[in-house]
Structure formats: structure tokens, C-alpha cells
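Residue-level listing of the chains:
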Amino acid sequence: MKFLITAGPTRESIDPVRFLTNRSSGKMGYAIANAAIEQGHKVVLISGIVSLPPLENARMLFIESAEDMYQAVSAEYKSADIVIMSAAVADFTPVKYYSHKFKKSGHDNLILELKKTVDILGFLGQNKKDGQLLVGFAAESENIIANAREKLKRKNLDWIIANNISTTGLGFQSDNNAITMISRKGQTLEYRPQAKMDLGRKIIQVLLKDED
Ligand code: CTP
């Protein structure tokens, strides 16, 4: 099987020294990629800037912004059997990029105007290839299952992996996570808090079973 996996945060530049980003460490996406490699599958891993070592047996593509991620994903997704969007893609990016360092003089308050980024998962849902399995993530802080189900339908996904980001010690930046996997066919699988590496293996197992 050929997997296309995205991981980590994006960086949305304001000027040459500043950017907007989020708390994603990339650990969940790297753990999934690692598990697929362990099972002998081909992996293309599109990664934001993270402090994890590159995976030796994956084809690694490093990107910075949501737009870079979109370009890389659109060039790669067609040949993938399973596409997993675990990256924490910025939803908004600055309208204007300042090519010189923005000066603070003359500004006591500052409003930064943002515009929506491309919804990469939405694009993948609209352009899904025959037999391709599309998996999204939903980081939620309330009504987790209901929001995840709605996202699964709206984005034409086969699976959505929901995690509750309001539980301390789990999820963003942690080595552990607790997830619920929900499928288009109506399956709901709950996994208790555990190492992301172990969850990665379980996710791969479930997806491969669905591909049979
Ligand atoms: N994602 C994406 N492109 C974006 C933003 C998010 O592909 N520009 C993907 C993430 O990789 C993840 C999923 O979409 O798989 C998360 O969606 P999310 O942003 O939580 O859902 P939305 O319904 O778009 O928005 P909201 O934040 O309002 O829940």
C-alpha cells in the first residue's frame, strides 16, 4: 500500500522574522508513518517544521505554510491508496506579507488581517480517487463525537480520528493520546490514553482492514 501522511504544524509568515503557528509537535503523524513503514508499506510524509528526526524509510517532504502543504499534497495524493491528514494546518494566514521587518513605532495597538487558507482535506474529499481511503483528524474541545461525525460527512471522509484537546497531558505535544475513530460506515472505535506510537499501529491496522 502507498500512504500519504501529513504531520506537524504550518507556519504562516508575517514578515521575515515572525510567523503564526500552533502547538502541534508532529508526533501523532510521525507515529502513524512509522507504523506503516514497520508493516512494509510505502510512505510519503509531508511534514511541517518539527523537532523530530526525519523517518529514514519514508520519502520526506518538508513544507512551511498551509499553501506549501496544499501544493505538496496536490502533487502527491493521486497515487496514494490511503491519505491521512494529521497535520495541524493553519486555518488562517496573514493577508499581507511584509518583506521588511515590521516596525513597532507608530503602533500602540495592531490589527493583523487574516484570510482563510485552502481546506486541503476538503479538496481531497472532493477529488477522491476510486478506492482511495481518506482520513482526517478532528481536534475538538466540546461535542467531540457529534462534531467529528459532522466533519466526516461534510468533507467526504472514510474515517475521522477525533481527539479531545481539553484533556491535560494528552494530545498536542504529548507522547500520549486518546482517540475515537469514526468511519463512514458507522463504526466507532475508542482507544484509551496510550503512547502515540501504539495508537499509530492501531490506526494502521484498522485502515488496512477497511482496505481489504
Ligand atoms: N485541515 C486541512 N486544511 C486546512 C485546515 C485543516 O486539510 N486548511 C485538516 C487537518 O489536517 C485535519 C482536519 O482538516 O485533518 C481538521 O479540520 P478542522 O480545521 O478541525 O475542521 P474544520 O471543520 O475545517 O474547522 P473547525 O476548526 O471550525 O472545526
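Structure: above.
Note that this is a predicted model, so its numbers are computed, not measured.

Concerning the site of the ligand
Move 1: Within the structure, the ligand sits among 15 residues, and Met85, Ala87, Leu121, Arg154 and Lys155 are positioned closest to it.
Move 2: One of the side-chain N or O atoms of aspartate 91 is found 3.5 Å from an oxygen atom in the ligand.
Move 3: Leucine 121 places a main-chain nitrogen or oxygen 2.7 Å from an oxygen atom of the ligand.
Move 4: Protein contact buries 76% of the 580 Å² of open area that the ligand shows by itself.
Move 5: When its residues are assigned to classes, the shell around the ligand shows 8 nonpolar, 2 polar and 5 charged.

Looking at the sheet that holds strand S5 (residues 59-62)
Move 1: Sheet architecture is open: 8 strands sit in the order S5-S4-S1-S6-S9-S10-S11-S12, paired in mixed fashion. Both edges of this open sheet fall to S5 and strand S12 (188-195), since each of them pairs with a single strand only. Taking each pair of neighbouring strands and ignoring which way they run, the sheet shows an average axis angle of 15°.
Move 2: Note: strand S9 (residues 133-140) against strand S10 (residues 159-164), 6 bridges, orientation parallel. From the neighbouring strand, alanine 138 faces S10, where its bridge partner is alanine 162.
Move 3: Across the face of the sheet, helix H2 (residues 66-76) comes into contact with strand S1 (2-7), strand S4 (42-47), S5 and strand S6 (82-85) while running at roughly 175° to S1.

Notes on the side chain of aspartate 158
Move 1: For aspartate 158, the position within the fold is in the loop between helix H4 (144-154) and S10.
Move 2: Given the relative accessible area of 10%, aspartate 158 is considered buried.
Move 3: Here the side chain of aspartate 158 touches leucine 134 through a polar contact of 2.8 Å, landing on its backbone nitrogen.
Move 4: Here aspartate 158 is in contact with Lys128, Gln132, Leu133, Leu134, Leu152, Ile182, Ser183 and Arg184, once residues within four sequence places are set aside.

Looking at the packing of aromatic side chains
Move 1: Per the counting criterion, the structure on display carries 3 aromatic pairs.
Move 2: Between the aromatic rings of tyrosine 98 and phenylalanine 102, the centroid separation amounts to 4.8 Å while the plane-to-plane angle is 70°, which identifies the pairing as edge-to-face.
Move 3: Under the relative-accessibility criterion, tyrosine 98 is labelled partly exposed at 28%.
Move 4: By relative accessible area, phenylalanine 102 is classed as buried at 18%.
Move 5: Here the aromatic residues Tyr70, Tyr77 and Phe123 are joined through ring pairs into a cluster of three or more.
Move 6: Positioned over the ring face of tyrosine 98 is lysine 96, at 4.8 Å from the centre of the ring.

As for the nonpolar core
Move 1: Membership of the largest hydrophobic core comes to 31 residues, with the highest contact counts inside it found for Phe3, Val43, Leu45, Ile84, Met181 and Leu207.
Move 2: Elements with a minimum of two residues in this core: S1, helix H1 (27-38), S4, S6, S9, S10, strand S11 (176-183) and helix H5 (196-211).
Move 3: When residues in this core are grouped by element, the largest group, 7 residues, is from H1.
Move 4: Residue contacts for leucine 207: discarding those within four places in its chain leaves Ile82, Ile84, Leu133, Val135, Trp159 and Met181.

Points about the pattern of salt bridges
Move 1: Overall, the coordinates contain 11 salt bridges when judged by the stated rule.
Move 2: The partner of lysine 27 in a salt bridge is aspartate 175, with the nearest N and O atoms 3.0 Å apart. Residue lysine 27 is located in helix H1, and its partner aspartate 175 is located in the loop between S10 and S11; the two are separated by 148 residues in the primary sequence.
Move 3: Across the salt bridge formed by glutamate 38 and arginine 201, the nearest N and O atoms sit 2.9 Å from each other. Taken together, the residues glutamate 38 in helix H1 and arginine 201 in helix H5 connect sequence positions 163 residues apart.
Move 4: Several salt bridges share partner residues, and in doing so they unite Glu38, Asp198 and Arg201 into one network.

Notes on H1
Move 1: Here H1 is 12 residues long and its end C-alpha atoms lie 16 Å apart, about the 16 Å a rise of 1.5 Å per residue gives.
Move 2: For H1, a buried count of 9 out of 12 residues is recorded, marking the element as mostly surrounded by other parts of the structure.
Move 3: Looking only at H1, the buried set comprises Met28, Gly29, Tyr30, Ala31, Ile32, Ala33, Ala35, Ala36 and Ile37.
Move 4: In the stretch just after H1, glycine 40 is the one whose phi turns positive, near 85°.

The rules behind the values
Residues numbered from 1 in each chain as written. Predicted model: local features only at pLDDT ≥ 70, side-chain atom pairs only at ≥ 80, totals over all residues. Heavy atoms only, no water. Near = heavy atom within 4 Å. Polar contact = N/O pair within 3.5 Å; in protein donor to acceptor, adjacent residues only side chain to side chain. Areas by Shrake-Rupley, 256 points an atom, 1.4 Å probe, with all protein chains shown as cover. Nonpolar A, V, L, I, M, F, W, Y, C, P; charged D, E, K, R; others polar. Pairing = 2+ DSSP bridges. Helix = DSSP H or I, 4+ residues; strand = E, 2+ residues; numbered from the N terminus. Axes fitted to C-alpha atoms, helices over the stretch in contact; angles between N-to-C directions. Contact = heavy atoms within 4.5 Å. Buried < 20%, exposed > 50% of the residue type's maximum accessible area, 1.4 Å probe, protein only. Phe/Tyr/Trp six-rings, centres within 6.5 Å; stacked < 30°, edge-to-face > 60°. Lys NZ or Arg CZ within 6 Å of the ring centre and 35° of its normal. Core = buried A, V, L, I, M, F, W, Y, C linked by side-chain atoms within 4.5 Å. Salt bridge = Lys/Arg side-chain N within 4 Å of Asp/Glu carboxyl O. Expected span 1.5 Å × (residues − 1).

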